[in-house]
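Architecture at a glance
Next come the chains, spelled out residue by residue.
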Amino acid sequence: MSIPLPPCQRRRFLKCLGITGTTVSLDGLGLMPSLPRVSAADAKLPVNAVKFSPDIEPLVRLLEETPRDRVIEVFAEKIRGGTSYREVLAALLLAGVRNVQPRPSVGFKFHAVLVVNSAHLASLASPDTDRWLPIFWALDYFKSSQESDEREGDWTLAEVNESQLPSASRSRRDFRRAMDAWDVEAADVATASLCRSAGAMEVFDLMAHYGCRDYRSIGHKSIYVANAYRTLQCIGWQYAEPVLRSLTYALLNHTGEPNPSQNDLAADAAWRRTTAKVPEISKTWGDGRLDSGATISLLGILRSSTPVEAIDATTEMLAVGVSPQSISDAIFLAAGEMLMQQPGIIALHSATTTNAMQYGYRTASRSTTRQELLLQNAAFIPHFRESMKDRGEIGSAQIDAAVQQEPGAPTPAVDSIFDTVSRDRRDASALMLNYLDDGGAPGALMDAARRLVFLKGNDSHDYKFSSAVMEDYTSISPEFRNRYLASAAFLLPGSGDQDNGLIDRVRQTL
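Computed from a predicted model, the values in this text were never measured in an experiment.

Quick notes on the overall build of the protein chain
Across its full length, the protein chain carries 23 helices and zero strands. Taking the intrachain contacts of the protein chain between residues at least 6 apart in sequence as the baseline, contacts between residues at least 24 apart amount to 82%. Only carbon and sulfur atoms are counted for the fraction: they give 50% of the accessible area of the protein chain, which is about 20,200 Å².

Structure follows, in structure tokens:
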């Protein structure tokens, strides 16, 4: 879905920022004449760099060549001139996959690519007047990541080797063989052939299958699968080939290890267990009963189990007729609980990875792929818990514990909740739960949280995390969803946090 703002809405957006009609024209400020004029013909890419279709290449090149301190003003001018939301989103994604290497870990500077869909989700859920703000932020963030990549060697996605492409009839087989063998070169050409010959859903199932097979990169492989596919749904499948070639390269990352296909590595133990267990799952596995008791039971198991034990427990619950929804509820709650126990980067990724794997579970068409995603998502929770041990003390808070509320206490106001976030996150989480349990509107809470991300967010994780938890609220059974959302108070920005300067920068630009 594309959401370009028509002129009348753009004017309302500018008015919301306090910008008068007399300052709308960038030409009147004398800024644009000083900008370098860049065209696809004049600027030079590395000789073997991948090139995009003529409809988007000039905009991508403009983003690549514009200095960071001018990127907002340049793209504001393009938007006023008719460039659509979809085109800007496409340029963001494609510039990222061409210029930022998803190695040695699918994270760090590569968040410039991973955050595009999160910014898009934030835009979709925002009022018309706010929808460009996440995109302006993402444009600036890409320039930061581009600078980092240039300092680290200036990697560029190369053109595909057309002479080595398998035929359409062999593309799926060759892709699976190459991915199973962890063969980067063979997988690259097979991916290109697959994109040209197979449907989007078939390709997604394959990518989701390989995205969930290992915990290397702390879940970013699954995150990239989901975010790449979701952004392509908006900008168009015609841009899939370079994006999915970059994704394939990311999925095959095993830096510092021998070839996993030729070695029995600990990082692949959970995947071996999952592939052994999936054939045992009944064909009627999706017909199980909703069981809140099973949810709490599995939550308890996930607190102390190994990844393999988590897979076994999940498989056993399916075998005795527990609904996959009740299993997903336990996984969501476990991720939220880790936020309460150690608010930080690892717990955050337990939430964003669960969001991605659950999206894959709901989207994949093959039953086997969906089963793999469910079992591997359960296995990743103990992996995250183990990673948290290296980050310091882990608290004892439990997300299903009773929360005491003063009798007759008024329902907390949304403003007071986010004011408390900046002072005491534990108290803010309790207030948020009281607000939701008292019938407070979750939409109002999320709108306030999203606005604070726009105003206070300084990192890609602010967008990734907030977009994930607010989306997942409705994916959880009503009995548990309020507790999950309340756990987000441990990482959401508060109203007393320092502003990121985005609004001021937009004002100054326009």
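That shown, we press on.
A closer look at the packing of helix α15 (residues 324–341) against helix α16 (residues 345–363)
Two elements in contact, α15 and α16, have axes whose closest approach is 7 Å; the angle formed by their N-to-C orientations is 160°. Taken as axis vectors, α15 and α16 run roughly antiparallel relative to one another. The element α15 and its partner α16 pack so that their crossing is left-handed. On the side of α15, the interface is formed by P324, S328, I331, F332, A335, M338 and L339, while α16 contributes A347, L348, S350, A351, T354, Q358 and Y361. Counted by class, the contact of α15 with α16 contains ten nonpolar, four polar and no charged residues.

Details of unusual backbone geometry
Of note, D154 is a non-glycine position whose phi angle comes to about 60°, a positive value. Relative to the helices and strands, D154 resides in the loop between α6 (133–151) and α7 (168–181). D154 sits in the partly exposed class, given a relative accessible area of 43%.

Observations concerning the side chain of R213
Relative to the helices and strands, R213 resides in the loop between α9 (200–211) and α10 (220–235). Notably, R213 is buried but unbridged: the nearest opposite-charge side chain belongs to D214, and the N-O separation is 4.3 Å. In this structure the side chain of R213 is engaged in a polar contact, spanning 3.0 Å, whose partner is the backbone oxygen of M179. Contact partners of R213, with chain neighbours within four places excluded, come to M179, D180, W182, L251, L252, W271 and Q376.

Focus on the pattern of salt bridges
With the rule as written, the count across this model stands at 30 salt bridges. In this structure, E64 and R98 form a salt bridge, with 2.8 Å as the shortest nitrogen-oxygen distance. With E64 in helix α2 (residues 57–65) and R98 in helix α4 (residues 85–99), this pair connects stretches of sequence that are 34 residues apart. The same class applies to E64 as to R98, namely buried. Here the salt bridges share partners, and the residues they tie into one network are E57, R61, E64, E65 and R98.

Describing α2
Taking burial as the measure, the nine residues of α2 include seven buried ones, the bulk of the element. Those residues of α2 lying buried are E57, L59, V60, R61, L62, L63 and E64. Packing partners of the buried residues in α2 comprise α3 (71–80), α4 and α6.

As for the packing of aromatic side chains
If you walk through the whole model with that rule in mind, you get 14 aromatic pairs. Ring plane angle 70° and centroid distance 4.9 Å describe the contact between F110 and Y224, whose orientation is recorded as edge-to-face. With F110 in the loop between α4 and α5 (111–124) and Y224 in helix α10, this pair connects stretches of sequence that are 114 residues apart. Across the pair, Y224 and F110 agree in class, each one buried. Judged by centre distance (5.1 Å) and plane angle (85°), the ring pair of Y215 and F384 falls under edge-to-face. Here Y215, found in the loop between α9 and α10, pairs with F384, found in helix α17 (residues 367–388); they are 169 residues apart in sequence, far enough to count as distant.

Topic: the environment of L431
The residue L431 is located in helix α19 (residues 425–437) in this model. Spatially, the C-alpha atom of L431 lies 8.7 Å from that of S416, the residues being 15 residues apart in sequence. Contacts of L431, omitting those with residues within four sequence positions, involve P412, I417 and T420.

Considering the environment of A187
Tracing the backbone shows A187 in helix α8 (residues 184–197). Judged by relative accessible area, A187 falls into the buried class, the value being 0%. Taking the C-alpha atoms as reference points, A187 and Y249, separated by 62 residues in sequence, lie 8.1 Å from one another. Residues contacting A187, with those up to four places away along its chain left out, are F175, A178, M179, T248 and L252.

A few points about helix α18 (residues 414–421)
Buried within α18 we find V414, I417, F418, T420 and V421. The arc that holds the buried residues of α18, viewed along the axis, is 155°, so those residues lie on one side. As for α18, its buried residues are in contact with α19 and α20 (442–456).

As for the packing of α3 against helix α23 (residues 502–509)
At a closest axis distance of 9 Å, the pairing of α3 and α23 adopts a crossing angle of 60°. Comparing the axis directions of α3 and α23 gives the class oblique. Remark: the crossing between α3 and α23 carries right-handed chirality. Contacts between α3 and α23 involve V71, I72 and E73 from the first element and L502, R505 and T509 from the second. Each residue belonging to the contact of α3 with α23 can be placed in one class, and the counts come to three nonpolar, one polar and two charged.

Considering the side chain of S477
Following the sequence through the fold, S477 ends up in the loop between α21 (460–472) and α22 (478–487). At 2.6 Å, the side chain of S477 forms a polar contact with the side chain of D329. Discounting residues that sit within four places of it in the chain, S477 has contacts with L290, Q325 and D329.

Parameters at a glance
Residue positions within a chain follow its written sequence, with the count starting from 1. With pLDDT at 70 or above as the cut-off, local features in this predicted model cover only qualifying residues; side-chain atom pairs require 80 or more to be listed or tallied, and sums for whole chains, interfaces and linings still use all residues. Hydrogens are left out, water is left out, and the side-chain values use all remaining heavy atoms of the structure. Helix numbering and strand numbering both begin at the N terminus, where a helix is a DSSP run of H or I of at least 4 residues and a strand a DSSP run of E of at least 2. The contact criterion used throughout is that any non-hydrogen atoms of two residues lie within 4.5 Å. Areas reported here follow the Shrake-Rupley algorithm with a probe of radius 1.4 Å; residue values treat only the protein chains shown as occluding. Angular values range over 0 to 180 degrees, each being the angle between N-to-C directions of two axes fitted as lines to C-alpha atoms, with helices fitted over their stretch in contact. Orientation categories follow fixed angle ranges, with anything under 35 degrees roughly parallel, anything over 145 roughly antiparallel, 65 to 115 roughly perpendicular, and all other angles oblique. Helix crossings are classified by the rotation of the near helix relative to the far one: an anticlockwise turn of less than a right angle makes the crossing left-handed, while a clockwise turn makes it right-handed. Amino acids outside the nonpolar list (Ala, Val, Leu, Ile, Met, Phe, Trp, Tyr, Cys, Pro) and the charged list (Asp, Glu, Lys, Arg) are all regarded as polar, and Gly is one of them. In this scheme, a residue with accessible area under 20% of its type's maximum is buried, one over 50% is exposed, and one in between is partly exposed, where area comes from a 1.4 Å probe on protein chains only. Under this rule, positive means Lys or Arg and negative means Asp or Glu; His and the chain ends count for nothing. Put simply, a salt bridge is a Lys or Arg side-chain nitrogen that is within 4 Å of an Asp or Glu carboxyl oxygen. Distance and chemistry together define a polar contact, namely a pair of N or O atoms within 3.5 Å, with one atom able to donate a hydrogen and the other to accept it when in protein, and with adjacent residues in sequence counting only for side-chain atoms on both sides. The criterion for an aromatic pair is that two Phe, Tyr or Trp rings (for Trp, the six-membered ring) have centres within 6.5 Å, with stacked assigned to planes under 30 degrees apart, edge-to-face to planes over 60 apart and tilted to the rest. The reported arc concerns the directions from the helix axis to the C-beta atoms and nothing else.

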